[in-house]
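# Structural features, examined
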Amino acid sequence: AEKEDEKELVKLIFSKFKETDSLTATEAYLLEHNFKTKNGKDFTRFSVKSILVNPVYMIADGDAFKYLTECGVELYSDESEFDCTHGIMAYNRTHQEQGKATKIKPMDEWIVSVGKHPGFISGADFVTVQNMLQHILDRNKAEKQKSPLRR
């Protein structure tokens with residue numbers, strides 16, 4: 001039942017983020033409703049984002065194949081293996097250095113295949129969320145460039 005709960009929580013995080021278009025608002029909702037990470041901790045914007053960018057939840061469907069191909073990942077599964085059932089496995093996604101926050105590597109460095117586990121976020125939803133996250137990133141960069149540096 002724990003896996004089922006985790007799956008429902010991930011679906012909730014995706015739908016809340018799509019509804020609010022905000023990591024902060026999604027985090028606030030999770031805190032307000034007392035949801036915890038699988039380590040029993042409170043969610044942060046960072047933990048919300050790490051779930052939203054993790055392709056392990058994405059269903060290996062046509063949209064997923066198109067997105068991964070366009071992003072230039074090294075794909076070790078044939079298009080025919082994108083069966084609309086299984087999830088995605090991505091290797092070489094992160095760079096971990098002792099004492100530093102884990103960094104997500106550029107997608108063209110990822111090694112991706114269709115996993116044996118079931119996926120449960122449609123490729124279309126996953127791609128929508130990635131585009132929304134990119135938009136937030138671009139907006140934040142633009143705002144930083146506009147604001148004069150205060151001394």
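Refer to the preceding data block for the structure.
Now for a description of the structure that goes with this document. (Residues numbered from 1 in each chain as written. Predicted model: local features only at pLDDT ≥ 70, side-chain atom pairs only at ≥ 80, totals over all residues. Heavy atoms only, no water.)

## Considerations on the pattern of salt bridges
What counts, and what does not: A carboxyl oxygen of Asp or Glu within 4 Å of a side-chain nitrogen of Lys or Arg is what we treat as a salt bridge. What counts as a helix is a DSSP run of H or I of at least four residues, what counts as a strand is a run of E of at least two, and both are numbered from the N terminus. Each residue is placed in one exposure class: buried if its accessible area under a 1.4 Å probe, protein chains only, is under 20% of its type's maximum, exposed if it is over 50%, and partly exposed if it falls in between.
Counting across every chain of the model gives 8 salt bridges. The partner of Asp 125 in a salt bridge is Lys 18, and the shortest N-O contact between them spans 2.7 Å. Taken as a pair, Asp 125 in helix H5 (residues 123-146) and Lys 18 in helix H1 (residues 2-20) lie far apart in primary sequence, 107 residues in all. Its relative accessible area of 33% is what places Lys 18 among the partly exposed residues. Lys 100 is paired through a salt bridge with Glu 97; the nearest N and O atoms lie 3.4 Å apart.

## Details of the state of the cysteines
Rules: In plain terms, two cysteine sulfur atoms within 2.5 Å form what is called a disulfide here.
Summed over all chains, the structure comprises 0 disulfides. Free cysteine Cys 71: the closest other cysteine sulfur is in Cys 84, separated by 18 Å. A relative accessible area of 26% means that Cys 71 is categorised as partly exposed. Of the residues examined, Cys 84 reaches a relative accessible area of 52% and is grouped as exposed.

## Some remarks on a negative patch on the surface
Keep this limit in mind: A patch consists of residues whose relative accessible area exceeds 30% and which take part in no salt bridge; residues with like charges are grouped when within 9 Å of each other, and nonpolar side chains (Val, Leu, Ile, Met, Phe, Trp, Tyr) when within 5 Å. Note on areas: Shrake-Rupley with a 1.4 Å probe; residue coverage comes only from the protein chains shown. Just so you know, the count uses Lys and Arg for positive and Asp and Glu for negative, and it drops His and the chain ends. Here the site of a charge means NZ on Lys, CZ on Arg, CG on Asp, or CD on Glu.
Judged by side-chain charge, Asp 78, Glu 79, Glu 81 and Asp 83 come together as a negatively charged surface patch. In this fold, Glu 81 is placed in the loop between strand S1 (74-75) and strand S2 (86-91).

## Comments concerning helix H4 (residues 62-70)
How we decide: Here a polar contact means two N or O atoms within 3.5 Å. Within protein one must be a hydrogen donor candidate and the other an acceptor candidate, and residues neighboring in sequence count only if both atoms are side-chain atoms.
If you check which residues of H4 are buried, you get Ala 64, Phe 65, Tyr 67 and Leu 68. Two or three places before Asp 63, at the opening of H4, Asp 61 has a side-chain oxygen 3.2 Å from that residue's backbone nitrogen. Positive phi shows up at Gly 72, right after H4, with a value of about 75°.

Keep in mind these values describe shape, not function.
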